[in-house]
Amino acid sequence: MRSLSWRVKLMALFTLVLLASLLLQLFYVLPAIRNQQLEMTKVQQREVARNVGWELERDLNRIANELTTIAKGAEFRNMDVVNQPQVMGEIVEISTSLSSLLVMDAEGWFVSGTVDNFPAYTTKSYADKPYFIVPFEQGEVSFDRPQFYSQPEIVATSVSVPIESDTGERVGVLVGNVVLNELIEYVTNYPLQEEQIAFLVDREGRVVAHSEIDLFALEESPLSLDYSDWPMVQTVMAAGRGVDGYQKYVTAGVSYFATYAILEPNGWGAVVEVPMSVILAKSNVLSAQLMLINIVLFTVALGITLVLTKQIMAAQKWAEDRLRESEEKFRVFMETATDLMAITDKDGKYTYVNDSMARTLGYSKEELIGMHVTQVLKREAVEKDFKPNWDKFVINREISLETTFLTKEGKEICCEIKTLAVYDSDGNYVGSRAVHRDITERKRMEQELVEKTAQAEAASQYKSEFLAHMSHELRTPLNVIIGFSELMLDGVPGKVNEEQKQCLSDVLTSSQHLLSVINEVLDLAKIESGEVELKLSNIRLTGVIQSLRNEMMPILTAKKQSLEVNVEEGLPMVRADRNRVRQVLLNLLSNASKFTPESGKLKVEAVRENNWCRISVVDNGIGIKKDDQERIFEQFSQLDSNLTKEEGGTGLGLAIVKQIIEKHGGRIWVESEYGNGSRFTFTLPLAAAA
């Protein structure tokens, strides 16, 4: 060994270094890079498969919910086969998803539908078909296998839901035909990375949509592509609904890496795959370069080895940096979220909680990790919310509920929870992911609103009772004052001079005005407290309006005002309380005359409008400002005008009118332009409609 020249020793050293470097690169660096690239591909493709699956699943669930809603219609619950076709036709015409609808009875016979060749469906019972058995016998939604219809050039499937009567008994099945062309276009046009392929297969392994193949250009039919013998598709066909996973497999001599997501509604699989050669292209090229460089540049092996090793490590660091960035983004999202987020294992113990969760419950993260969910729940919540919903959660794979947590200090926190079950690729339950939203403040405000509403209702009732009582107590002495004033004016106790008469007249006028105010307050209080019962009868408005016209004539004549009455010919009788209707019209006509200058024009109109009679009182007086129109029906509300100050008033008349009309089931409103008059309109039910 000592006799060897330094060159030989150096070459031997270089050779050993080269071999060591080669072994390091071949058995450590390159496999690490390949694994890293494979892991990154798995994460990216799983996200794509899930996105595709979630989008398709959302559409299928929407269609199923739409059919379930349709099946609750009266025509279907009662199996009204006469009216069903018209209803279904209207639904299909406006639906963006359904091409036709059919109804089957309890024995599997088609009894109505919107398809053109419907009679062809009525020749036999289809009670042995899955699209009847599943919804009728099991009460579940059934998704049929896809079919190609050459005439309209569409791929379609049928979705069937049970029809239940009002008593909950299944009386039939509603079948909706759904065109899948948009679904096929969605998968075809989904943005994928280079050389990635996405396709959708049904439970029999037939390709329903493909990103690289124009299925409608196939010679046989768009559904003639059969992948059922592919290892990946066989995995999808055997997988449970709602799960996802990944797999490496070989087809036609080509190695692929694929991820899949199984649709919950019908079990179809969304698959995203890419050749392994594409995933490992970078490392394969690098490996070939290394081998070539080590063979050609043997004499400079050490330098080349160092350079290449540096390049390899840089590539690995780049991949690790990208992965760390992705993990950091996810961590930042979880930690900065305002909602409470947690992950549990299959036993219900926390394996992760975010800062919001720990801060809200008053624990540190370290304290919460390993605790069971029930340890932070209120004891009553465990019995009421957790235990009863556990089996439902395992079956449905998700659940939303409201429950109560206890902080470390024992404070109760009400939370709205949405929890999703997590399953491994074999369909085994491995834990859950939950998002909690603190709704303690919202619950407090809701309870406070309920209490304040009850207080307001009680206060309103007390107010009405107080007004009724006080009004009654005040009327007795006022009647005495009015009576004695009239006696003294008539000279019964003795003669009075002119100055005394004027004083007595003022007393009498003021007392009568005050009595009018008290009567209106009492009237309103009785209506609001429910003491007033309407004496309903069939009345003709013509007679009521004519009697009021005669009664108003002295007032109108004094102001040189005219009153026009237009009642629709043949107007039916209305169902109302005659005295109350008379009170409403008298109030509106008095107001119209009061706020209309001399020589003004008044009009009363009555016309039929469907099952109602619409009555309007119109004037060409001073009108009402826009801001005042919104408050004139409020109690003690008066217009700010010179006429109001001159004529006086309580501000209760229109409030009483509104109460009376609404007690009849009608409504009242005003249309007015300031300076150009007003139109007050109210409605009463026709006797025939009532």
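This is a predicted model, so every value here is computed, not measured.

*Asks:* Before we move on, can you summarise the sheet that holds strand β14 (residues 398-406) with the specific residues and values?
*Replies:* Pairing in this open sheet of five strands is antiparallel, and the strands run β13-β12-β16-β15-β14 from one edge to the other. Of all the strands in the sheet, just β13 (350-353) and β14 have a single pairing partner and so form its edges. Neighbour-to-neighbour, the strand axes of the sheet open up by a mean angle of 25°, direction not taken into account.

*Asks:* Describe the pattern of salt bridges, with residues and values.
*Replies:* In total, this model carries 17 salt bridges according to the counting rule given. Close ionic contact of Lys408 with Glu367 constitutes a salt bridge, the shortest N to O distance being 2.8 Å. Here Glu367 lies in helix α11 (residues 365-368) and Lys408 lies in the loop between β14 and β15 (412-423), a separation of 41 residues in the sequence. By relative accessible area, which is 33% here, Glu367 ends up partly exposed. Between Arg582 and Glu551 there is a salt bridge whose closest N-O contact spans 2.1 Å. Taken together, the residues Arg582 in helix α16 (residues 578-594) and Glu551 in helix α15 (residues 541-558) connect sequence positions 31 residues apart. What emerges from the salt-bridge pattern is a single network uniting Arg58, Asp59 and Arg62.

*Asks:* Tell me what's going on with the sheet that holds strand β20 (residues 601-609), and back it up with residues and numbers.
*Replies:* With mixed pairing, the five strands of this open sheet are ordered in space as β18-β20-β21-β23-β22. Two strands close off the open sheet at either side, each with one partner strand: β18 (562-567) and β22 (668-672). The sheet shows a mean angle of 15° between the axes of neighbouring strands, taken without regard to direction. Bridging between β18 and β20 involves six bridges; their strand directions are parallel. Paired with Leu563 across the two strands is Leu602, which belongs to β20. Contacting β22 and β23 (678-685), helix α19 (residues 653-663) crosses the sheet at an angle of about 30° to β23.

*Asks:* Go over the environment of Met40 with me, naming the residues and quoting the values.
*Replies:* Summarising the element assignment, Met40 is placed in helix α1 (residues 6-71). Looking at Met40, the relative accessible area reads 28%, which means it is partly exposed. Distance from Met40 to Glu320, taken between C-alpha atoms, is 9.8 Å for residues 280 residues apart in sequence.

*Asks:* Explain the packing of aromatic side chains to me, and be specific about the residues and the numbers.
*Replies:* As enumerated under the stated definition, the model contains 13 aromatic pairs in all. Each ring, one from Tyr186 and one from Tyr190, has its centre 5.8 Å from the other, and the planes form 70°; the classification is edge-to-face. The exposure class assigned to Tyr186 is partly exposed, which follows from its relative accessible area of 26%. Residue Tyr190 is classed as buried on the basis of its relative accessible area, which comes to 17%. Linked through ring pairs, Phe199, Tyr227, Trp230, Tyr249 and Tyr256 together constitute an aromatic cluster. Over the aromatic face of Tyr674 sits the side chain of Lys625, whose NZ or CZ is 5.4 Å from the ring centroid.

*Asks:* Could you give an account of the packing of α16 against α19, naming the residues involved and the relevant values?
*Replies:* Across the interface, α16 lies against α19 with an axial gap of 10 Å and an inter-helix angle of 145°. Remark: the crossing between α16 and α19 carries left-handed chirality. Of the residues in α19, those touching α16 at Arg580, Gln583, Val584, Asn587, Leu588 and Asn591 are Gly653, Leu654, Ile656, Val657, Ile660 and Ile661.

*Asks:* Quick one: what's the story with α16, residue by residue and with numbers?
*Replies:* Taking 1.5 Å per residue, 17 residues should reach 24 Å; α16 reaches 24 Å between its end C-alpha atoms and fits that length. Taken together, the buried positions of α16 are Arg580, Val581, Val584, Leu585, Asn587, Leu588, Leu589, Asn591, Ala592 and Ser593. N-capping of α16 is provided by Asp577, with a side-chain oxygen placed 3.1 Å from the backbone N of Asn579.

*Asks:* An account of unusual backbone geometry is needed here, citing residue identities and associated values.
*Replies:* One non-glycine residue, Glu153, lies in the positive phi region at around 60°. Considering the arrangement of structural elements, one finds Glu153 in the loop between β4 (147-149) and β5 (154-164). A positive phi angle is found at Glu195, which is not glycine, with a value near 65°. Along the chain, the position of Glu195 falls in the loop between α5 (181-188) and β7 (197-201).

*Asks:* Give me the environment of Lys625: which residues, what numbers.
*Replies:* The topology assignment puts Lys625 in the loop between β21 (612-619) and α17 (626-629). The exposure class of Lys625 is partly exposed, given its relative accessible area of 41%. In the structure, Lys625 is positioned 48 residues away from Glu673 in sequence and 6.9 Å away in space, judged by C-alpha atoms.

*Asks:* Describe in detail empty space enclosed by the protein, supporting the description with residues and values.
*Replies:* Across all of its chains, the model carries one cavity of 30 Å³ or more by this definition. Taken together, 22 residues make up the lining of the largest cavity; nearest its centre are Val373, Phe386, Ile399, Ile417 and Thr419. Counting only elements with at least two residues in the lining of the largest cavity, the list comes to β12 (340-345), α12 (379-396), β14, β15 and β16 (429-438). Ranked by residues supplied to the lining of the largest cavity, first place goes to α12 with five residues. Counted by class, the lining of the largest cavity contains 13 nonpolar, seven polar and two charged residues.

Criteria and thresholds
- Residues numbered from 1 in each chain as written.
- Predicted model: local features only at pLDDT ≥ 70, side-chain atom pairs only at ≥ 80, totals over all residues.
- Heavy atoms only, no water.
- Pairing = 2+ DSSP bridges.
- Helix = DSSP H or I, 4+ residues; strand = E, 2+ residues; numbered from the N terminus.
- Axes fitted to C-alpha atoms, helices over the stretch in contact; angles between N-to-C directions.
- Salt bridge = Lys/Arg side-chain N within 4 Å of Asp/Glu carboxyl O.
- Buried < 20%, exposed > 50% of the residue type's maximum accessible area, 1.4 Å probe, protein only.
- Contact = heavy atoms within 4.5 Å.
- Phe/Tyr/Trp six-rings, centres within 6.5 Å; stacked < 30°, edge-to-face > 60°.
- Lys NZ or Arg CZ within 6 Å of the ring centre and 35° of its normal.
- Left-handed = near helix turned anticlockwise from the far one by under 90°.
- Expected span 1.5 Å × (residues − 1).
- Polar contact = N/O pair within 3.5 Å; in protein donor to acceptor, adjacent residues only side chain to side chain.
- 1 Å grid on protein atoms, 1.4 Å probe; cavity = no way out; pocket = protein on both sides within 12 Å on 5 of 7 lines; lining within 4 Å.
- Points joined across faces, edges and corners; volume = space filled by probe spheres on them.
- Nonpolar A, V, L, I, M, F, W, Y, C, P; charged D, E, K, R; others polar.

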